[in-house]
Amino acid sequence: MANPRTLRRLAWFGVPIVLLGILVAVWNWDWFIPIVQSRASAAIGRPVTIGHLHVRFDPFIQVVADDIVVANPPDWPDKGDPPLASIKSLTIQADVFRYLHGGGLVVPLVAIDTPKLFVAETKDGEANFRLATSSGGSKSSSNVKIGNLRISDGTVHAVVPKLKSNFTVQVDTRGEGRDAKLVAEAKGTYANQPITGTMVGGALLSLRDKSNPWPIDLKMANGPTHVEVKGTVEEPVAFKGADVRVRFYGPDMGLLEPLAGIPIPATPPYDMTGKVDLEGWDTIRLNDFRGRVGNSDMHGTIVMKPGAKEENGKYKPEVTMDLRSNRVDLTDFAGFLGATPHDTAHATPEQRREIAKANASPRLLPDKRISVPRLKWADIHVKFHGDHIVGRSMPLDDVTVVADVVNGAINVHPASFGVGKGRLITDLDLVPVSDRNVHARADIRMQNLSVSRLMQATHTFQGAGTISGVGAIDGTGDSVASLLGNGNGEMKMAMAGGDLSALLVDLTGLEFGKALLSALGMPQKTAVQCFVSDLLLKRGILDFRVMTLDTGEAITNVGGDVNLRDEAIDLSFKTDSKHFSIGSLPTRIHIGGTFKDPSIRPGAEVAARAGAAAGLAVLFAPLAILPTIQFGTSAAQDARCGELLHQARESAGGKALPKPRPSATSER
């Protein structure tokens, strides 16, 4: 018979062992799932579910969670969408014993198997990826040392209707430890254009290792737009210490707008490179920025501050550009005025359609709408200088532009163009007055514009001297065409002294002999006593109140108006010889039609006189010259230009005009 004391000892030790054995036999780590789910859901403010939970102790504590699902917001409109995130299996190994002995928490392995992320936004801007995370649990994360991070068969699916985007990114890690690489491949549509891309980065664990800069090699194509990024980043998490070169090229810089997040007008083909300098998430600097846009070269610096302003819960970027160009073709930047660059050889299909539409349109002034909401996307500050403006028919030599776009308002102060030794200077303000229209105010100053340079652009006429003037335009509209078509303002121009090719005057007076000599390449020059122009713009009608050219040979007057709203021209030129002249037919030359299809024809008087001369020639040749004889202008007519110049200079806004020459009347 057993000793009672022995039985008691067996009971004290055996029962717990048996109970422990039973407990081990029936133990299920899934019992802890509700606790883990509750903690995780509270941390991100979104329901989290776990299918199974496994724990092993060999040699580290290894926790495996299967079938993890992070749900979409409870009020997400499309219940048929996949959840925000799902993971087939998440494995975490931890060296708990080292942690208990004060050696810090070491995690030898984090393995994520088949993670799927569904990132979506509705047409109303509601997103499923905005989480209510708390900021209290991040202090100890820097003490965690992770040995290996593996991602296998990862997928990110993004659907953003506002960006017209639906693309998928496949994500995997390759290799082990520091030799591991992160590989991502993208495919789908972005901004309604096909997108493909490949990125090879360094090990995810080296993202926090300053001594081991994180390498990146990215190649992406969004439609015809290509972006390449290659280099290293010392602190990718802090977004600092970049040694990265970036290149972007394509047929139209405007297609970069969805990628850059700032408004960019249409351009001809471009190819730009630069060095990226990261100053944290606050500032991104693009140094040594250089390349070409169409026929123009460009270099300088671009600085972007993504979160410079916060408005209505959204961040607005601020962009500062300091750019220079050695060679500028102004047609490359027609998109800044709402026009389409006319490089048909390298144009995108969209640009070809725009060019065909513009060519088919009877109108010349750009009528593309100014997008007020786009102007409010970012605050932009630009300084640009072009050393040399190219173009066979362009009378401008250089350009300097200083412009700011702040809260949707554009302030150009100034846009300055060199014309010989003079300058054409414009200050411009465009202020949104609604979601559709802007109010524009432009002040124009012409400072000693070189007539020789202006005439050089015609490839026919010659001249010397300078033209000065002042003007202002004020209007409201939604395009360049409507701003001018609704505009009010005035323009005063004057020239005192100098000379012009006689062909300019002779063609309007039909002085056949001199015009013929000029056309044969032997232009005779005529002195300019003065030139005065006083134009009034009222509700889109440009009224030629005064335009008089007083030369050594004749006085030419221009009258009529130009309708900027309909782009209709109705002008008349009349030249009166100052002295007795044979072969001159004083008449009005009429310029009509439209900006795109102008017409030039002589008036009825010249047709009658020319017909009479032809008839007399049949009867008696010498009499044929009688209808073409001019006996000169009167003294009052001869002095009119000088008086007009004096009046224009003394009027408000006319102080920039040249003084009348004392010899304007005394020399006659």
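Residues numbered from 1 in each chain as written. Predicted model: local features only at pLDDT ≥ 70, side-chain atom pairs only at ≥ 80, totals over all residues. Heavy atoms only, no water.

Peer 1: What should I look at first to understand the overall build of the chain in this one?
Peer 2: Within the chain, the regular secondary structure consists of 13 helices and 36 strands. Split into buried and exposed, the 668 residues of the chain put 41% on the buried side. Contacts in the chain between residues far apart in sequence, at least 24 positions, make up 50% of those at least 6 positions apart. Per element, the accessible surface of the chain, about 35,700 Å² overall, is 60% carbon and sulfur. (Helix = DSSP H or I, 4+ residues; strand = E, 2+ residues; numbered from the N terminus. Buried < 20%, exposed > 50% of the residue type's maximum accessible area, 1.4 Å probe, protein only. Contact = heavy atoms within 4.5 Å. Areas by Shrake-Rupley, 256 points an atom, 1.4 Å probe, with all protein chains shown as cover.)

Peer 1: It is not clear to me how the pairing of strand S10 (residues 193-201) should be interpreted in this structure. Could you clarify?
Peer 2: Within a regular strand, side chains alternate between the sheet's two faces. In terms of strand pairing, strand S9 (residues 181-190) meets S10 through nine bridges, oriented antiparallel. From the neighbouring strand, Val183 faces S10, where its bridge partner is Val200. Taken together, S9 and the strand that follows it, S10, pair antiparallel across an intervening segment of two residues, in which Ala191 is found at a positive phi of about 55°. By the bridge criterion, seven bridges tie S10 to strand S11 (residues 214-222) in an arrangement that is antiparallel. Paired with Ile195 across the strands is Asn222, a residue of S11. (Pairing = 2+ DSSP bridges.)

Peer 1: Sorry, what's going on with the pattern of salt bridges here?
Peer 2: Should the charged atoms of two oppositely charged side chains come close, the side chains can pair. Inspection of every chain in the model, using the stated rule, returns 17 salt bridges. Of the charged contacts, one joins Arg363 and Glu567 as a salt bridge, the two residues approaching to 3.8 Å between their closest N and O atoms. Separated by 204 residues along the polypeptide, Arg363 in the loop between helix H5 (349-360) and helix H6 (372-375) and Glu567 in the loop between strand S31 (554-563) and strand S32 (568-577) bring together distant segments of the chain. Exposure remark for Arg363: the relative accessible area of 30% places this residue in the partly exposed category. In this structure, Lys492 and Asp534 form a salt bridge, with 3.3 Å as the shortest nitrogen-oxygen distance. (Salt bridge = Lys/Arg side-chain N within 4 Å of Asp/Glu carboxyl O.)

Peer 1: Even after reading the chapter, I still don't get helix H2 (residues 33-44), so can you show me in this structure?
Peer 2: Each α-helix turn comprises 3.6 residues. Residues three or four places apart therefore point the same way. Taking 1.5 Å per residue, 12 residues should reach 16 Å; H2 reaches 17 Å between its end C-alpha atoms and fits that length. For H2, the set of buried residues is Ile33, Gln37, Ser41 and Ile44. Across the axial projection of H2, the buried residues extend over an arc of 80°, all falling on one side. Away from the buried face of H2 by more than 90 degrees, exposed residues Arg39 and Ala42 are located. (Expected span 1.5 Å × (residues − 1). Arc of directions from axis to C-beta.)

Peer 1: Teacher, can you tell me more about the nonpolar core here?
Peer 2: Soluble globular proteins: nonpolar side chains tend toward being buried together. Residues Phe248, Met272, Phe289 and Phe544 are the most contacted members of the largest nonpolar core, which totals 91 residues. Among residues more than four places away in sequence, those in contact with Met272 are Val246, Arg247, Phe248, Met253, Phe289, Arg290, Gly291, Arg292, Val293 and Met298. (Core = buried A, V, L, I, M, F, W, Y, C linked by side-chain atoms within 4.5 Å.)

Peer 1: What is the right way to look at the environment of Leu571 in this model?
Peer 2: Here Leu571 lies in strand S32. For the pair Leu571 and Gly593, spaced 22 residues apart in the sequence, the C-alpha separation amounts to 9.9 Å. In this structure, Leu571 is in contact with Phe544, Gly559, Gly560, Asp561, Val562, Ile589, His590 and Ile591, ignoring residues within four places of it in sequence.

Peer 1: Any chance you could explain unusual backbone geometry here in plain terms?
Peer 2: Excluding glycine, residues mostly have negative phi values, and the peptide bonds linking residues are mostly trans. Backbone torsion omega between His413 and Pro414 reads 0°, so that peptide bond is classified as cis. Residue placement: Pro414 occurs in strand S22 (residues 409-419). The phi angle at Asp67 is positive, at roughly 55°, despite the residue not being glycine. Tracing the sequence through the fold places Asp67 in strand S3 (residues 61-70). Classification of Asp67 by relative accessible area gives partly exposed; the value is 43%. For Glu567, which is not a glycine, the phi torsion comes out positive at approximately 60°. On the basis of relative accessible area, Glu567 is assigned to the buried category, the value being 1%.

Peer 1: It is not clear to me how the packing of aromatic side chains should be interpreted in this structure. Could you clarify?
Peer 2: Inspection of every chain in the model, using the stated rule, returns five aromatic pairs. Their ring planes at 50° and their centres at 6.4 Å tell us that Phe333 and Phe384 sit as a pair that is tilted. Of this pair, Phe333 sits in the loop between strand S18 (328-329) and H5 while Phe384 sits in strand S19 (residues 379-386), and the two are 51 residues apart along the sequence. For Phe333, a relative accessible area of 18% gives the class buried. An aromatic cluster is defined as three or more aromatic residues linked by ring pairs; in this entry it consists of Phe248, Tyr270 and Phe289. Cation over ring: Arg247 sits above Tyr249, and NZ or CZ is 4.0 Å from the ring centre. (Phe/Tyr/Trp six-rings, centres within 6.5 Å; stacked < 30°, edge-to-face > 60°. Lys NZ or Arg CZ within 6 Å of the ring centre and 35° of its normal.)

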